[in-house]
Amino acid sequence: MSDNPLRSPLTNQDIEQTWEDTEQVVAVNLPDDATEERHPQIPDELPILPLRGLVVYPQTVIPLTVGQPRSIRLVDDVVNGDRLIGLVTALDPELETPSPDDVYRVGTLASIHRLFRAPDGTIRMLVQGLSRMRVEDFTSVEPYLKARVHAQPETVESSLEVAALTRNVTTQFTRLAELVPSIPGELINNALNNVDDPLQLIYTIATYIRVDLDDAQKLLELDSTEAKLHLMMTLLSKELEVLELGRKIQSEAQTEMEKVQREYYLREQLKAIQRELGEGDEQLVEVEEFRRKIAESGMPDEAEKEANRELDRLSKLPTAAAEYGVIRTYLDWLTSLPWNLRSEDNLNIAHARTVLDEDHYGLEDIKERILEYLAVRKLRAERADGLSIESDQDQVRRERQGAILAFVGPPGVGKTSLGASIARAMGRKFIRMSLGGVRDEAEIRGFRRTYIGAMPGRVVQTIRRAETLNPIIMLDEIDKLGRDFRGDPASALLEVLDPEQNAEFTDHYLDVPLDLSEVIFITTANDLDPIPGPLRDRMEIIQLSGYTEEEKIAIAQQYLVPRQIRENGLRETEVEMSAQALRELIRDYTREAGVRTLEREIGRAMRKVVTRIAEGKTETVTIDAPMLRELLGKPRFGYRTELEDRTDRPGVATGLAWTPFGGDVLFVEATHMPGSKGFQYTGHLGEVMQESARIAFSYIRSMADDLGVPEGYFDKYDVHLHVPAGAQPKDGPSAGVTMTVALASLLTNQPVRSDVAMTGEITLRGQVLPVGGIKDKVLAAHRLGATTIILPKKNEFDLDDLPEEVRDRLEFVLVEQIEEALAAALVNGHNSDNPVD
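Values in this document were obtained by computation on a predicted structure and should not be read as measured data.

Student: Explanation requested: the overall build of the chain in the structure shown.
Tutor: What the chain contains, in helices and strands, is 31 helices and 26 strands. Across the chain, contacts joining residues at least 24 apart in sequence account for 74% of those joining residues at least 6 apart. Of the roughly 41100 Å² of accessible surface on the chain, 47% is carried by carbon and sulfur atoms.

Student: Can you walk me through the nonpolar core in this structure?
Tutor: In summary, soluble globular proteins display a tendency toward joint burial of nonpolar side chains. Ranked by internal contacts, the top residues of the largest apolar core, which has 53 residues, are Phe407, Ile422, Met577, Ile602 and Ile623. Of all the elements, helix H20 (residues 549–567) adds the most residues to this core, at seven residues. Among all residues touching Ile422, those that are not within four sequence positions of it are Leu356, Ile370, Phe407, Ile472 and Ile522. Residues Leu311, Val408, Met433 and Ile473 belong to the second largest nonpolar core, which totals 50 residues.

Student: For this particular structure, what's the right way to read the pairing of strand E5 (residues 106–117)?
Tutor: Side chains on a regular strand alternate between the two faces of the sheet. Where strand E4 (residues 84–89) meets E5, four bridges bridge the pair, whose relative direction is antiparallel. Of the residues in E5, the one forming a bridge with Leu87 is Thr108. Of the pairings in the sheet, the one linking E5 to strand E6 (residues 123–140) comprises eleven bridges and is antiparallel in character. Note on E6: the bridge partner recorded for Val106 is Arg134. Between the antiparallel neighbours E5 and E6 lie five residues, among them Gly121 with a positive phi of about 95 degrees.

Student: Could you clarify how one ought to interpret H20 in this entry?
Tutor: Helical periodicity: at 3.6 residues per turn, an α-helix aligns residues three or four positions apart in one direction. Along H20, the largest kink reaches about 50 degrees and is centred on Ala556. At the C-terminal side of H20, Gly569 shows a positive phi close to 75 degrees.

Student: Help me understand the sheet that holds strand E13 (residues 520–525), please; the structure alone is not making it clear to me.
Tutor: In any sheet, the strands associate via hydrogen bonds between backbone groups, in a parallel or an antiparallel arrangement. Reading across the sheet, the five strands line up as E9-E10-E13-E8-E14 and stay open at both edges, with parallel pairing between neighbours. Here the strands that pair on one side only, and so sit at the sheet edges, are strand E9 (430–434) and strand E14 (540–543). Direction aside, neighbouring strands of the sheet carry axes that sit 20 degrees apart on average. Where strand E8 (residues 403–408) and E13 come together, six bridges link them in parallel fashion. Looking at the pairing, Ile404 lines up with Phe521 of E13.

Student: Could you clarify how one ought to interpret the side chain of Lys415 in this entry?
Tutor: The residue Lys415 is located in helix H15 (residues 415–426) in this model. At a separation of 3.0 Å, a polar atom in the side chain of Lys415 contacts the main-chain carbonyl oxygen of Pro410. In this structure, Lys415 is in contact with Phe407, Val408, Gly409, Pro410, Met474, Thr524, Ala525, Asn526 and Leu544, ignoring residues within four places of it in sequence.

Student: Would you take a moment to explain the packing of H20 against helix H21 (residues 579–589) for this structure?
Tutor: Two packed helices can be described by the angle between their axes and the distance between those axes. Two numbers describe how H20 lies on H21: the axes approach to 10 Å, and their chain directions differ by 115 degrees. Judged by the sense of rotation from one axis to the other, the crossing of H20 with H21 is right-handed. Residues Glu549, Glu550, Lys552, Ile553, Ala556, Gln557 and Val561 of H20 pack against Ala579, Leu582, Arg583, Ile586 and Arg587 of H21. Residue composition of the contact of H20 with H21, by class: six nonpolar, one polar and five charged.

Student: Would you mind showing me how to read unusual backbone geometry here?
Tutor: Residue Pro143 follows Glu142 across a cis peptide bond; omega there is -5 degrees. Of note, Pro143 is situated in the loop between E6 and strand E7 (146–151). Unlike most non-glycine residues, Gln59 shows phi in positive territory, near 65 degrees. Overall, the relative accessible area of 7% leaves Gln59 in the buried class.

Student: So what exactly am I meant to see when it comes to the pattern of salt bridges here?
Tutor: Side chains that differ in sign of charge can pair as their charged atoms come close. Inspection of every chain in the model, using the stated rule, returns 46 salt bridges. Where Asp498 meets Arg538, a salt bridge forms, and the shortest distance between an N and an O atom there is 3.4 Å. Linking Asp498 in the loop between helix H18 (489–496) and strand E11 (505–506) with Arg538 in the loop between helix H19 (533–537) and E14, this pair joins segments that are 40 residues apart in sequence. Looking at Asp498, the relative accessible area reads 10%, which means it is buried. Residue Arg538 is classed as partly exposed on the basis of its relative accessible area of 24%. Linking Glu601 and Arg636 is a salt bridge whose minimum nitrogen-to-oxygen distance equals 3.3 Å. With a gap of 35 residues between them, Glu601 in helix H22 (residues 596–614) and Arg636 in the loop between helix H23 (625–632) and helix H24 (641–646) connect regions that are remote in the sequence.

Student: Looking at this model, I keep getting lost on the pairing of strand E10 (residues 472–476). Mind explaining?
Tutor: Counted residue by residue, E10 has five buried out of five residues, so it is predominantly covered. Side chains of E10 alternate between two faces, with Ile472, Met474 and Asp476 and Ile473 and Leu475 buried alike. Bridge count for E9 against E10 is five bridges, and the pairing is parallel. Across the sheet, residue Ser434 finds its bridge partner in E10, namely Asp476.

Student: What should I look at first to understand the packing of aromatic side chains in this one?
Tutor: Each aromatic ring pair is characterised by the separation of its centres together with the angle its planes make. Overall, the coordinates contain seven aromatic pairs when judged by the stated rule. With centroids separated by 4.2 Å and ring planes inclined at 5 degrees, the aromatic side chains of Phe679 and Phe697 adopt a geometry described as stacked. Here Phe679 is found in strand E19 (residues 679–682), whereas its partner Phe697 is found in helix H25 (residues 687–702), with 18 residues between them in sequence. The same class applies to Phe679 as to Phe697, namely buried. Within the aromatic cluster, the residues linked to one another by ring pairs are Phe679, Tyr681, Phe697, Tyr713, Phe714 and Tyr717. For Arg646, the ring lying beneath its charged end belongs to Phe667, and the centroid distance is 4.3 Å. The lysine or arginine in question, Arg701, covers the ring of Phe714, its NZ or CZ lying 5.0 Å from the ring centre.

Student: What should I look at first to understand the confidence of the model for the chain in this one?
Tutor: Reading fine detail from the predicted coordinates is not recommended where pLDDT is low. Per-residue pLDDT for the chain averages 82, and the proportion of residues at 70 or more is 89%. Scored below 50 in pLDDT, residues 3–37 shows 85 contacts in the model against residues more than four places distant or in partner chains. pLDDT under 50 marks residues 388–393. Its contacts with residues more than four places away, or in other chains, come to four contacts.

Student: Is there a simple way to think about the side chain of Glu599 in this case?
Tutor: Among the secondary structure elements, Glu599 is positioned in helix H22. Residues in contact with Glu599, not counting those within four places in the same chain, are Leu560, Arg563 and Gln564.

Student: Looking at this structure, how should I read the environment of Thr597?
Tutor: Inspection of the secondary structure puts Thr597 in helix H22. Sequence-wise, Thr597 and Gly412 are 185 residues apart; in three dimensions their C-alpha atoms are separated by 8.1 Å. Here Thr597 is in contact with Thr590 and Glu592, once residues within four sequence places are set aside.

Student: Just checking my understanding: could you explain a negative patch on the surface for this structure?
Tutor: Together, Glu364, Asp365, Asp800 and Asp801 give the surface a local cluster of negative charge. Looking at the secondary structure, you find Glu364 in helix H13 (residues 364–386).

Student: Could you clarify how one ought to interpret the packing of H20 against H22 in this entry?
Tutor: With their axes 10 Å apart at the nearest point, H20 and H22 run at an angle of 45 degrees to one another. Comparing their axes, H22 and H20 come out oblique. Between H20 and H22 the crossing geometry is right-handed. In contact with Lys552, Ala556, Leu560, Val561, Arg563, Gln564 and Ile565 of H20, H22 contributes Leu598, Glu599, Ile602, Gly603 and Met606. Classifying every residue of the contact of H20 with H22 gives seven nonpolar, two polar and three charged.

Student: Would you mind showing me how to read the environment of Asp511 here?
Tutor: Mapping Asp511 onto the fold places it in the loop between E11 and strand E12 (513–514). In this structure, the C-alpha to C-alpha distance between Asp511 and Gly446, residues 65 residues apart in sequence, is 9.6 Å.

Student: Is there a simple way to think about the environment of Gln501 in this case?
Tutor: Looking at where Gln501 falls in the secondary structure, it is placed in the loop between H18 and E11. Judged by its relative accessible area of 36%, Gln501 falls in the partly exposed class. With 14 residues separating them in the primary sequence, Gln501 and Asp515 have C-alpha atoms 9.3 Å apart. Excluding its chain neighbours within four sequence positions, the residues that come into contact with Gln501 are Glu495 and Arg538. Within the local environment of Gln501, its side chain forms a polar contact with the side chain of Asp498, the two groups lying 2.8 Å apart.

What counts and what doesn't
- Residues numbered from 1 in each chain as written.
- Predicted model: local features only at pLDDT ≥ 70, side-chain atom pairs only at ≥ 80, totals over all residues.
- Heavy atoms only, no water.
- Helix = DSSP H or I, 4+ residues; strand = E, 2+ residues; numbered from the N terminus.
- Contact = heavy atoms within 4.5 Å.
- Areas by Shrake-Rupley, 256 points an atom, 1.4 Å probe, with all protein chains shown as cover.
- Core = buried A, V, L, I, M, F, W, Y, C linked by side-chain atoms within 4.5 Å.
- Buried < 20%, exposed > 50% of the residue type's maximum accessible area, 1.4 Å probe, protein only.
- Pairing = 2+ DSSP bridges.
- Bend = angle between axes of the 7 residues up to and from the residue.
- Axes fitted to C-alpha atoms, helices over the stretch in contact; angles between N-to-C directions.
- Polar contact = N/O pair within 3.5 Å; in protein donor to acceptor, adjacent residues only side chain to side chain.
- Left-handed = near helix turned anticlockwise from the far one by under 90°.
- Nonpolar A, V, L, I, M, F, W, Y, C, P; charged D, E, K, R; others polar.
- Salt bridge = Lys/Arg side-chain N within 4 Å of Asp/Glu carboxyl O.
- Phe/Tyr/Trp six-rings, centres within 6.5 Å; stacked < 30°, edge-to-face > 60°.
- Lys NZ or Arg CZ within 6 Å of the ring centre and 35° of its normal.
- pLDDT = per-residue confidence, 0-100.
- Patch = residues over 30% accessible without salt bridge, like charges linked within 9 Å, V, L, I, M, F, W, Y side chains within 5 Å.
- Lys, Arg positive; Asp, Glu negative; His and termini not counted.
- Charge placed at Lys NZ, Arg CZ, Asp CG, Glu CD.
- Parallel < 35°, antiparallel > 145°, perpendicular 65-115°, else oblique.

Take a look at the structure:
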């Protein structure tokens, strides 16, 4: 089988030259006396030579190399006869020995002009395509392929369209030849200017251009010369587009290279001129500038040593080197950090108390903690100044001065804004860094300099932005850190938030210690559970609970209403909002632990007022309760009405739950129906809550006689317990008391008091165990209008955390056994004159 040769043109004279000139593809203009040779007599059986990756056209001359034994045998037999062979192309160019089913049926009848036997046993021969043929069927496959064929001449049309197409093809090929330097101009003139036959023109051009095998075979198989011309125009257009694009890319690359070389020469000339004038070059000036910054930065010895080492490397590198930019960026980061810059703390306790009270209402625990920190700092500074030995003064000052606080509470209670107030009270810079959604450990500790585009972590970036070594950095939403294959950011924070380690915090990019011991880190979170234990252990946790109704009114009057008046372009004399309107707004239009929704609703009311004033309907507005309903429309929630509506029938009890968004009220419903399926529960309950439901049901069954439940009741009835809001997942043991009361209410046919809410875990023996989140739960019950709260006896100490106004308005029933809870919750106690039938 033949190999694919290099395609280049040959003339009739070239065929008679030495063999070295025949390693080319050629289009031949046959003389008039060769007309008979173009349409020779086809024998009954013609030897077939398959070609790999090559299509031979009529009226062309091409060199072929034959190396397979059966192909050599074919050539030996043919050269001793009429020298005619059939050339067909294999369907798969990678196939070594094609069978009759592996070749195209349309090929070219060719004549062997000359051959040469190489020392390696292969045969190199020069063949000339004569005419197109079609294989009818193969008659033999051994020792080589033979077939019956018949001539299949092309159709040559004579029309204006053919003439126009011929001219366009000639023009396109001339343009293409100008882009291909390997095509000599004299060959183009011989090939095109002397060709009058459109068919010969097509085959001539097809030997010059790169054509896919499928397109080359399609060009051969088309019968119409006009169709061949159309296909040739498409192929030439595609090749021209590729070549012109390649030339454009090469030109742009050459231009860029020339620009770089020109800049290099100019820089070298500039250096020579500067040397002659006694001036330093740009690189030397930059190196000296970095040397000055390093000396003035006050960085520690280890950092200074690393900076000077990198600076020495920089001075020896050419400015065009890739490493030059990397080292320059690194030195820029090192010298721009505030190694020796600190904000002077304002340790005036009275001033700090005034600032904190101005910015935030309530939050006494947090304010006291900040004042304690300032008092300690003030006392230590005074004691250090009083020491006579300088080393003792330095020892006191070097002791850790930072603090790591964690504000945990529901949204909207002022965790983030409190950090800014602390910074203002102390006179420090305040920088907030949001950690929500951070998944890459390198975001905290930086990227190593081996990576392209490496940069320090967010901690170092924050210190640089603060321009001081002792700012207050707020790590917001630390409970929403993620983790994936790139590492665990929470683990990277262990060093940052450890007072014993962060004095030598090492960023991967800087690779030198950075002292964070004077930084006050404040973290915020809605929930402590997602925070890993080791990280949680490093923080001083301060819980922020939701606000009471009176606190919200005070916050609205002092902060929210004035701010919304300013933001909506109003004057304080134009609008006034009464305390009763605020109370109704809190009760009927919001239900949250914080004040974020409350401020939005106030802003909505203010915008309604702005519209009325802008339309000229009024000049001043006093928003009272009726006006509030007119502005905001129908209330979204109801104060006490939901409790009364939900608990007006037996089997419904009001429970209390804790969520990351504050406390919430949870209704538990129970019902029964004839059947024998026993007990079932629904409401998207977690495993712990499911166990609480089963414990409550088992206890009620054990107390059936005391509750007056008829004998055989549980054999005849199914009991179903449901916790509404089924789409919301629920879990935890604190609903045990509520579930037990709901079941007891169902079986004794007594409703639960509508003003009672409860929480607590229950055991199989009826003992009530303590639970968490008491403050948030009680505040949620207070917001909804409950007046009596049933709590475990062992949670009594949690009542001290409640605001005094809440303790005064609520009645607390502390229970140790579930019987006490039933007596306080059911309308007639746990005994009933009307038990279920």
